[in-house]
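Read off the chains here:
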Amino acid sequence: MVENNKVQQIMLNMIMILLTFICVMPFVLLVASSLTSEKALMVNGYNFFPKEFSAESYKYLISHGQAILRGYGITVLATVAGTLCSISITLLLAYPLSRKEMIFRPLFSFIVFFTMLFNGGLVPTYLMYTGIFHIKNTLFALIVPNLLMNAFFVIMMRSFFSSNIADSLIEAARIDGAGEYRILWSIVIPLSKPMITTLMLMVGLNYWNDWLNGLYYLTDPSLFSIQNILNRMLSDIQFLSSGSSLVSNLSAATLPSIGIRMAIAVIGILPVLVLYPFFQKNFVKGIVIGGVKG
């Protein structure tokens, strides 16, 4: 019996090692390709070990270091502010929807769910945000549209509250004289930290990776996020590499058009990889708690 358990444990460990290898190798290939010369990429394709080492892609990015640093700052500001506002709105909406005694609870739940199925469309949304809320060329353009409140996250948090926060605990707090805000702040939120951390990671990743809002609502380069700056660089390189008559063939030939795509991907994902281990414990715990009904 003990030997069978050891064999099973070894097999499970081997499977996990294989899965880890499968997950890590694409990133290794990405970094290796970003450090390979353009000529080697054109001739040999992508390799885990660079045939001809070159840092030209990163030198090109460093030459635009001021814009990249500014983009990082704007992205961090939008991500932090947007995540905090989004989580606050999600909690303040999900908690009342989780209480059975709330008046018109089914109606409000349906309204939230309805937004997951239908929306006004791109043109009406653009006209509303630019003509009524006037967020064009402001930092709010990176925070408000589409990301500030997500109905899926509201429903996820509501389900967590309903399944894992005991009604008897809330009733006991009310008997002791606690109001709804005190219950939410002192009881519900502390018991929901793993789920809140999970949602913060998801919302933060959405904000960090978002580039559509900047594309739609920003024309001022000083407000571009890191994703918009990198996307603009990639578009410029593709234009120069297309052999346009406006640029010399020599300039187009020296641009690392393939390798820089990999370097841009590394620059964009690197902060997420650095911060993720600090959230991993609560993220996994939140997923487990959210997936098991208490």
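The following paragraphs examine the structure supplied in this document.

Definitions and cut-offs
- Starting from 1, residues in each chain are numbered consecutively following that chain's sequence as written.
- The predicted nature of this model means local features are confined to residues of pLDDT at least 70 and side-chain atom pairs, given and counted, to a pLDDT of 80 or more, with totals for whole chains, interfaces and linings taken over all residues.
- Here the side-chain values reflect all heavy atoms present in the structure, with hydrogen atoms and water set aside.
- Residues belong to a common nonpolar core when they are buried Ala, Val, Leu, Ile, Met, Phe, Trp, Tyr or Cys residues joined through side-chain atoms within 4.5 Å.
- Only protein chains enter the accessibility calculation, which uses a 1.4 Å probe. A residue is then buried if its area is under 20% of the maximum for its type, exposed if over 50%, and partly exposed in between.
- Strands are runs of DSSP state E lasting at least two residues, helices are runs of H or I lasting at least four, and both sets are numbered from the N terminus onward.
- In what follows, a contact means two residues having at least one pair of non-hydrogen atoms within 4.5 Å.
- Helix span, expected: 1.5 Å multiplied by one less than the number of residues in the helix.
- The pairing test for Phe, Tyr and Trp rings, Trp by its six-membered ring, is centres within 6.5 Å, and the orientation test on the planes gives stacked under 30 degrees, edge-to-face over 60, and tilted for anything in between.
- Only the stretch in contact is used when a helix axis is fitted, and all axes are lines through C-alpha atoms; the angle between N-to-C directions ranges over 0 to 180 degrees.
- Oblique is the label for any angle not under 35 degrees, not over 145, and not in the 65 to 115 range, which are roughly parallel, roughly antiparallel and roughly perpendicular in turn.
- Classification used: nonpolar for Ala, Val, Leu, Ile, Met, Phe, Trp, Tyr, Cys and Pro, charged for Asp, Glu, Lys and Arg, polar for all others including Gly.
- This arc corresponds to the set of directions leading from the helix axis out to the C-beta atoms.
- We define a polar contact as two N or O atoms separated by no more than 3.5 Å, with the added condition that, inside protein, one atom must be a possible hydrogen donor and the other a possible acceptor, whereas residues neighbouring each other in sequence contribute only through side-chain atom pairs.

**Side note on the nonpolar core**
A general trend in soluble globular proteins is that nonpolar side chains are found buried together.
Working step 1: In terms of nonpolar packing, the biggest core is built from 55 residues, with Leu61, Met157 and Phe161 touching the most fellow members.
Working step 2: Breaking this core down by element, the ones donating at least two residues are α3 (56–63), α4 (65–98), α7 (151–164), α8 (167–175), α9 (180–191), α10 (193–209), α12 (226–241) and α14 (259–291).
Working step 3: Ranked by residue count, the leading element in this core is α4, at nine residues.
Working step 4: Non-local contacts of methionine 157, meaning those with residues more than four positions away in its chain, are made with Thr90, Leu91, Ala94, Met195, Ile196 and Leu199.

**Thoughts on α7**
Working step 1: Helix length check: α7, at 14 residues, gives a terminal C-alpha distance of 20 Å against a target of 20 Å (1.5 Å per residue), a fit within 8%.
Working step 2: Among the residues of α7, Ala151, Phe153, Val154, Met157, Phe160 and Phe161 are the ones counted as buried.

**So, unusual backbone geometry**
Working step 1: Positive phi, close to 60°, is recorded for phenylalanine 104, a residue that is not glycine.
Working step 2: Summarising the element assignment, phenylalanine 104 is placed in the loop between α4 and α5 (105–117).
Working step 3: We note that histidine 134 has phi near 55°; this positive angle belongs to a residue other than glycine.
Working step 4: With respect to the helices and strands, the residue histidine 134 is situated in the loop between α6 (122–131) and α7.

**Considerations on the packing of aromatic side chains**
Working step 1: Scanning the entire structure with this criterion turns up 10 aromatic pairs.
Working step 2: Between phenylalanine 114 and phenylalanine 118, the ring centres sit 5.0 Å apart and the planes meet at 35°, which makes this aromatic pair tilted.
Working step 3: With centroids separated by 5.9 Å and ring planes inclined at 55°, the aromatic side chains of phenylalanine 152 and phenylalanine 153 adopt a geometry described as tilted.
Working step 4: Residue classification places phenylalanine 152 among the partly exposed positions, given a relative accessible area of 43%.
Working step 5: Residue classification places phenylalanine 153 among the buried residues on the basis of a relative accessible area of 7%.
Working step 6: Through a chain of ring-to-ring contacts, the aromatic side chains of Tyr126, Tyr129, Phe133, Tyr216 and Tyr217 assemble into a single cluster.

**Observations regarding the packing of α9 against α10**
Working step 1: The interhelical angle for the contact between α9 and α10, taken along N-to-C directions, is 70°, at an axis separation of 5 Å. It follows from the interaxial angle that α9 and α10 lie roughly perpendicular. Along its contact with α9, which presents Ile189, Pro190 and Leu191, the element α10 presents Lys193, Pro194 and Ile196.
Working step 2: For the contact of α9 with α10, a count of residues per class yields five nonpolar, no polar and one charged.

**Notes on α6**
Working step 1: Along α6, the positions that sit buried rather than exposed are Thr125, Tyr129 and Thr130. The buried residues of α6 occupy an angular sector of 115° when projected down its axis, which confines them to one face. Those residues of α6 that are exposed and aimed more than 90 degrees away from the buried face are Val123 and Leu127.
Working step 2: Against α11 (212–217) lie the buried residues of α6.

**A short note on the side chain of serine 86**
Working step 1: Locating serine 86 in the fold gives a position in helix α4.
Working step 2: Under the relative-accessibility criterion, serine 86 is labelled buried at 1%.
Working step 3: Separated by 3.0 Å, the side chain of serine 86 and the backbone oxygen of leucine 148 make a polar contact.
Working step 4: Those residues in contact with serine 86 that sit more than four places away from it in its chain are Leu147, Leu148 and Val203.

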